[in-house]
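Secondary and tertiary structure notes
For reference, the chains in residue letters:
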Amino acid sequence: MVTSAMAERRFPSDFRWGTATSSHQVEGGNVRNDWWLFEQQPGRIKGGDRSGLACDWWRNAEADFDRMAALHQNAHRLSLEWSRLEPEEGRWDDAAVARYRQMLHGLRSRAIEPVVTLQHFTLPRWAAAGGGWESPRIVGWFAGYARRCAECFGDLAEAWVPINEPNVVVTLGYIMGRFPPAAHNILRAPRVTRHLLRAHAAAYRAIHAVGPRARVGTAHNIRILDPGPAPSRLAAALDRRAADANSWAFNWVWLDVLSGRAAHRVRRIGQVEECAGTVDFIGVNYYTREHVRFDPWRPQGGFLRSLRVPGEARSDGDYGEVYPEGLRRVLLDVWQRYRRPIYVTENGLPDADDDLRPRFLYDHLAALHAALEAGVEVRGYYHWSLIDNFEWTDGWALKFGLIAVDPATQRRTERPSARLYAEICRSGALPGADVLREFAQRP
Ligand code: IFM
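Residues numbered from 1 in each chain as written. Predicted model: local features only at pLDDT ≥ 70, side-chain atom pairs only at ≥ 80, totals over all residues. Heavy atoms only, no water.

Here we look at the overall build of the chain
Secondary structure summary: the chain contains 15 helices and 13 strands in total. In summary, the chain has a C-alpha radius of gyration of 21 Å against a globular reference of 22 Å for 443 residues, a match within 12%. Each principal axis of the C-alpha distribution contributes one length, and for the chain these read about 60 × 55 × 45 Å. Counted over contacts in the chain with a minimum sequence separation of 6, partners at least 24 positions apart contribute 76%. (Helix = DSSP H or I, 4+ residues; strand = E, 2+ residues; numbered from the N terminus. Rg over C-alpha atoms; globule rule 2.2 N^0.38 Å. Contact = heavy atoms within 4.5 Å.)

Put into structure tokens, the structure is as follows:
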């Protein structure tokens, strides 16, 4: 994709340039949520890792806010930890409110505009014990939490994401059993999806009731599923049908319901009509694509099997294919389907030695720029992540940071890609590809 002949490409002057993090992955000491309990169970997390002190943000996020500012970032997506703010049902913790106010103020005073996620994978222990996303009561619990957050923090944040990657919650939590509550039962998925949708919609209305000017969107994981090379025309047709069906279930059902599109297809989930029209913007979390093949023996996997296609570039830990063109495809698809402003609310890769990240960043931003030129209304890019952090079941093994973190010493070390991104954020433009020679360790 990159050619040195390409001239500088400019982004809109009000474009948001930032990074994204989440509370449990960076704060440390989040002992009151379901993930903390999960981490204590042997065999759940790679290498027996735990979130522990994480990146020590609860005590000192400000040191990393300084780093964001020094790297010319003007936006940051972070999450509030429900289990800190409401450690027991109905009991609100004023000290936690004060600390989050201090953090949001800390971002704004550095000219970094926050986007606030209310729930990023973790549930308070009391909510998980009460049935978590399977209980219809969660809709009311979550609406109350959202309203209170809007009251406490509405003067410091304009943009809100109620629930991060609901499709990942359903898939990894209830079908593949890798996230709490570690269920392997696809039959539980529709009920959980329904409650996630209704909780989102209730939060949307609660936030708007408190702050009519607030903007409430979603941050949705979109994974491209492309059929791999097939041995026959019949196999190719089956692969395409299976890929499309899974793509709809994973990528589009959530956005179709919230945008009010294709109501007839989503009616099967039941009782979700109230959710239509509850997204002001769409956040795209794009990481990778998967090549797939139809497999009648894998009902739990949606009758799909993953393929490795020779020549694919893959990131650390076999996290996924590096496929920048996918970002352009996804942005065009989202725009054509929903016509809502879009933010890339996450995009990144695990790459400890930073040999892929500079080109990854460059090529993905080139793809984003191509989408802008095609008329897509993309308003910002939030790289995942500023710093290495606790990567869920992969523990500390996968390094997503522009800045490396040693969790034992809390020492930070900038990777070369941090400087490349800083230069892009500073200038608001993608320079000619020659720049990669300066930043890439192995161009
Ligand atoms: O670390 C996660 C994040 O919490 C949600 N989106 C994907 C990231 C990388 O796996």
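Regarding the site of the ligand
Around the ligand sit Q25, H120, F121, N164, E165, Y287, Y319, E346, W384, E391, W392 and F400, and that is every residue in its neighbourhood. Note that an oxygen atom of the ligand is positioned 2.7 Å from one of the side-chain N or O atoms of H120. In this structure, a nitrogen atom belonging to the ligand sits 2.5 Å away from a side-chain N or O atom of E346. Contact with the protein chains removes 96% of the 280 Å² of surface that the ligand exposes when unbound. When the residues that make up the shell around the ligand are grouped by side-chain class, the tally is 6 nonpolar, 3 polar and 3 charged. (Near = heavy atom within 4 Å. Polar contact = N/O pair within 3.5 Å; in protein donor to acceptor, adjacent residues only side chain to side chain. Areas by Shrake-Rupley, 256 points an atom, 1.4 Å probe, with all protein chains shown as cover. Nonpolar A, V, L, I, M, F, W, Y, C, P; charged D, E, K, R; others polar.)

Structural notes on unusual backbone geometry
Cis geometry is found at the peptide bond from P180 to P181, where omega equals 10°. Within the secondary structure, P181 sits in the loop between α8 (166-175) and α9 (189-210). The peptide bond linking W384 to S385 adopts the cis configuration, its omega dihedral lying at 10°. Despite not being glycine, F121 shows a phi value in the positive range, around 75°. The class for F121 is buried, based on a relative accessible area of 9%. In the Ramachandran plot, F303 falls in the positive-phi region, its phi being about 60° despite a non-glycine side chain. Within the secondary structure layout, F303 lies in the loop between β7 (281-294) and β8 (304-307). Assessed through its relative accessible area of 37%, F303 is described here as partly exposed. (Buried < 20%, exposed > 50% of the residue type's maximum accessible area, 1.4 Å probe, protein only.)

Points about the pattern of salt bridges
What the rule picks out here adds up to 33 salt bridges. Put simply, R91 and E88 hold a salt bridge, and the shortest N to O gap is 3.4 Å. When its relative accessible area of 41% is taken as the criterion, E88 is described as partly exposed. For R379, the salt bridge is made with E377, and the minimal N-O distance between the two is 2.5 Å. On the basis of relative accessible area, R379 is assigned to the partly exposed category, the value being 33%. (Salt bridge = Lys/Arg side-chain N within 4 Å of Asp/Glu carboxyl O.)

A word on the packing of α9 against helix α10 (residues 233-259)
For the pair α9 and α10, interaxial distance at closest approach is 11 Å and the crossing angle is 40°. As summarised for this structure, α9 and α10 are arranged oblique, according to the angle between their axes. Considering the relative orientation of α9 and α10, their crossing is right-handed. When α9 is examined against α10, the residues L196, L197 and H200 are found in contact with a partner set consisting of W254, V257 and L258. Per-class residue counts for the contact of α9 with α10 are 5 nonpolar, 1 polar and no charged. (Axes fitted to C-alpha atoms, helices over the stretch in contact; angles between N-to-C directions. Parallel < 35°, antiparallel > 145°, perpendicular 65-115°, else oblique. Left-handed = near helix turned anticlockwise from the far one by under 90°.)

Considerations on the environment of L225
Looking at the element boundaries, L225 is found in strand β6 (residues 215-227). Each C-alpha atom, one on L225 and one on E290, is 5.0 Å from the other, the two residues being 65 residues apart in sequence.

Quick word on the pairing of strand β12 (residues 411-414)
Pairing between strand β11 (residues 403-406) and β12: 4 bridges, direction antiparallel. For A404, the partnering residue across the bridge sits in β12 and is T413. Taking the residues that link successive antiparallel strands as the turn, the β11-β12 hairpin has 4 residues, and the phi of Q410 there is positive, at about 65°. (Pairing = 2+ DSSP bridges.)

Regarding the packing of helix α7 (residues 137-153) against α9
Their axes nearest at 8 Å, the elements α7 and α9 cross at an angle of 30°. On the basis of their axis angle, the class for α7 and α9 is roughly parallel. The interaxial crossing formed by α7 with α9 has right-handed handedness. Of the residues in α9, those in contact with I138, V139, F142, A143, A146, R147, A150 and E151 of α7 are H195, R198, A199, A202, A203, A206, I207 and V210. Its residues assigned to classes, the contact of α7 with α9 comprises 12 nonpolar, 1 polar and 3 charged.

A word on the packing of aromatic side chains
When we look at a pair of aromatic rings, we describe it by the centre distance and by the angle of the planes. This model, assessed by the stated rule, comprises 28 aromatic pairs. On the basis of an interplanar angle of 75° and a centroid distance of 5.1 Å, the ring pair of W35 and F38 is categorised as edge-to-face. Residue W35 and its partner F38 are located together in helix α2 (residues 34-39), separated by 3 residues, close to a single helical turn. Of the two residues, W35 and F38, both sit in the buried class. Grouping aromatic residues by their ring pairs yields a cluster made of W82, W92, W126, W133, W141, F142 and Y145. When the ring centre of W58 is taken as reference, the NZ or CZ atom of R84 above it lies at 3.8 Å. (Phe/Tyr/Trp six-rings, centres within 6.5 Å; stacked < 30°, edge-to-face > 60°. Lys NZ or Arg CZ within 6 Å of the ring centre and 35° of its normal.)

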